[in-house]
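The chain contents come next:
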Amino acid sequence: GFLKKLNEDYSDKWLSVPRCENITNTCCNFSSIITPTGFYYLRVQARQGNNSCFSREIKVDPLKTNGIGPPGVRLDLSDTLLHIRISPPGGAEDEIMRDHYDLSYRILYWKNSSNKEEEVKQKEVKQTIATIPDVSPSSLYCVKVQAFSEPYNKSSAYSQQECIHTPAGSSLPLIIFGIFMGALLAVLLVGTPLVFVLYQAYNKIKYVFFPSCQPPLNIEGFGAQLFSSPYLSAAEEPVENCCVIESMVTEEGNQIDFPDYQHYKQSSRDSGNYSNDDNTSGSKGSKETLEREMV
């Protein structure tokens, strides 16, 4: 077709179709030389002895002329779902048919019981995988599929009928309920002690760092110093140095002064005052000693 569009002499460009030379029947398969892209011109030469003649030329557009073959079908089951897997016409690896024809698929399915055949249902899909939900247990389901192309207004024949028997009903809802209750019980058994431990830890932290009651004011200001840390050493109280000078009167009535005197040191961490009793007893003792010395 491309060579004919060049408006040149193409009489010497004709090629013979393999296995379609010198045949006596009126049919020949030339699909081996046809590709889906482009278009072709065909003609037939008839011979009888030394005489021959050519037929008129026929334009062949493969996408328009070709027919679409039936697709392949395979069925699978999972729980309550029926999965339909479709192979495009020409095989699963034939992407040319799927891409150029923009194929869609028409699925017919029905439940075939021993008593009667139920109403046939139809479903159209674009993908090569389809799902039929809510199939009944212990039932026979049958499926057949047709491929069609809306752009080229072509459709294939239906595939061979495929059937599958669904298994007997299972206790799937009970299993799901049991799993849910077991998970809930596990959460309660693990979560309750964890919540209790976290609550106790929260109370301890709050009691230590944020106490709800304060110490009395007479304890807070005791000794005019902070009561915040019992581990810090208290400041040492100042020590006062005192001295006592004693004098004595002799028998003649003269007052004798002693140049020497005795120093007394006393520290008190409580009040810092001296006891009068101690001073008096000290003075009396010193006086008696001096009297004896004088005698």
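Where an unreviewed UniProt entry is consulted, the protein chain appears under the name INAR1 protein, with the organism given as Certhia brachydactyla.

Caption draft 1: Expanded view of the pattern of salt bridges. On inspection of all chains with the given rule, the structure shows 4 salt bridges. Note that Asp76 and Arg74 form a salt bridge whose closest N and O atoms lie 3.3 Å from each other. Judged by relative accessible area, which is 47%, Arg74 ranks as partly exposed. Here Arg106 and Glu124 are joined by a salt bridge, their closest N and O atoms 3.2 Å apart. Taken together, the positions of Arg106 in strand 7 (residues 104–111) and Glu124 in strand 8 (residues 121–125) put the pair 18 residues apart, joining distant regions of the chain. With a relative accessible area of 18%, Arg106 lands in the buried category. Members of the salt-bridge network, linked through shared partners, are Arg74, Asp76 and Arg85.

Caption draft 2: Fine view of the state of the cysteines. For the structure on display, the rule yields 2 disulfides. In this model, Cys20 is linked to Cys28 through a disulfide, with the two sulfur atoms separated by 1.4 Å. Between Cys20 and Cys28 the disulfide shows an S-S torsion of about -75 degrees. By sign, it is left-handed. The side chain of Cys142 participates in a disulfide bridge whose partner is Cys163; the two sulfur atoms lie 2.0 Å from each other. On the sign convention where negative means left-handed, the S-S torsion of about 105 degrees between Cys142 and Cys163 marks this disulfide as right-handed. In this pair, Cys142 sits in strand 10 (residues 140–149) while Cys163 sits in strand 12 (residues 162–165), placing the two residues 21 residues apart along the sequence. With its bonded cysteines labelled in order along the sequence, the protein chain shows the pairing 1-2, 3-4. Free cysteine Cys27: the closest other cysteine sulfur is in Cys28, separated by 8.8 Å.

Caption draft 3: Inspection of the nonpolar core at higher detail. Grouped together as the largest cluster of nonpolar side chains are 21 residues, with contacts concentrated most on Leu82, Ile84, Ile107, Val143 and Val145. Within the residue set of this core, elements represented by two or more residues are strand 5 (72–78), strand 6 (81–87), strand 7, strand 9 (129–132) and strand 10. Among the elements that take part in this core, strand 10 stands out by supplying 4 residues, more than any other. Beyond its immediate chain neighbours, meaning those up to four positions away, Ile107 contacts Ile84, Ile86, Lys121, Gln122, Lys123, Val125, Ala130, Val143, Lys144 and Val145.

Caption draft 4: Representation of the side chain of Ser139. Structurally, Ser139 is set in the loop between strand 9 and strand 10. Its relative accessible area of 10% is what places Ser139 among the buried residues. Polar side-chain contacts of Ser139 include one of 3.1 Å to the backbone oxygen of Pro137. Once residues lying within four places of it in the same chain are set aside, the contact partners of Ser139 are Lys111, Ile164, His165 and Thr166.

Caption draft 5: A look at the packing of aromatic side chains. Applying the stated rule across the entire model yields 2 aromatic pairs. Both rings, one in Phe39 and one in Tyr41, keep their centres 6.2 Å apart while their planes meet at 75 degrees; by these two values the pair is edge-to-face. With a relative accessible area of 23%, Phe39 lands in the partly exposed category. Note on Tyr101 and Tyr152: the rings are 5.3 Å apart at their centroids and 65 degrees apart in plane angle, and the pair reads as edge-to-face. One end of the pair, Tyr101, is in helix 2 (residues 95–101); the other, Tyr152, is in the loop between strand 10 and strand 11 (154–155), and 51 residues separate them in sequence. Judged by relative accessible area, which is 28%, Tyr152 ranks as partly exposed. Here Arg43 stacks its cationic end above the ring of Phe54, 4.0 Å away from the centre of that ring.

Calculation criteria
Residues numbered from 1 in each chain as written. Predicted model: local features only at pLDDT ≥ 70, side-chain atom pairs only at ≥ 80, totals over all residues. Heavy atoms only, no water. Salt bridge = Lys/Arg side-chain N within 4 Å of Asp/Glu carboxyl O. Buried < 20%, exposed > 50% of the residue type's maximum accessible area, 1.4 Å probe, protein only. Helix = DSSP H or I, 4+ residues; strand = E, 2+ residues; numbered from the N terminus. Disulfide = S-S within 2.5 Å. Core = buried A, V, L, I, M, F, W, Y, C linked by side-chain atoms within 4.5 Å. Contact = heavy atoms within 4.5 Å. Polar contact = N/O pair within 3.5 Å; in protein donor to acceptor, adjacent residues only side chain to side chain. Phe/Tyr/Trp six-rings, centres within 6.5 Å; stacked < 30°, edge-to-face > 60°. Lys NZ or Arg CZ within 6 Å of the ring centre and 35° of its normal.

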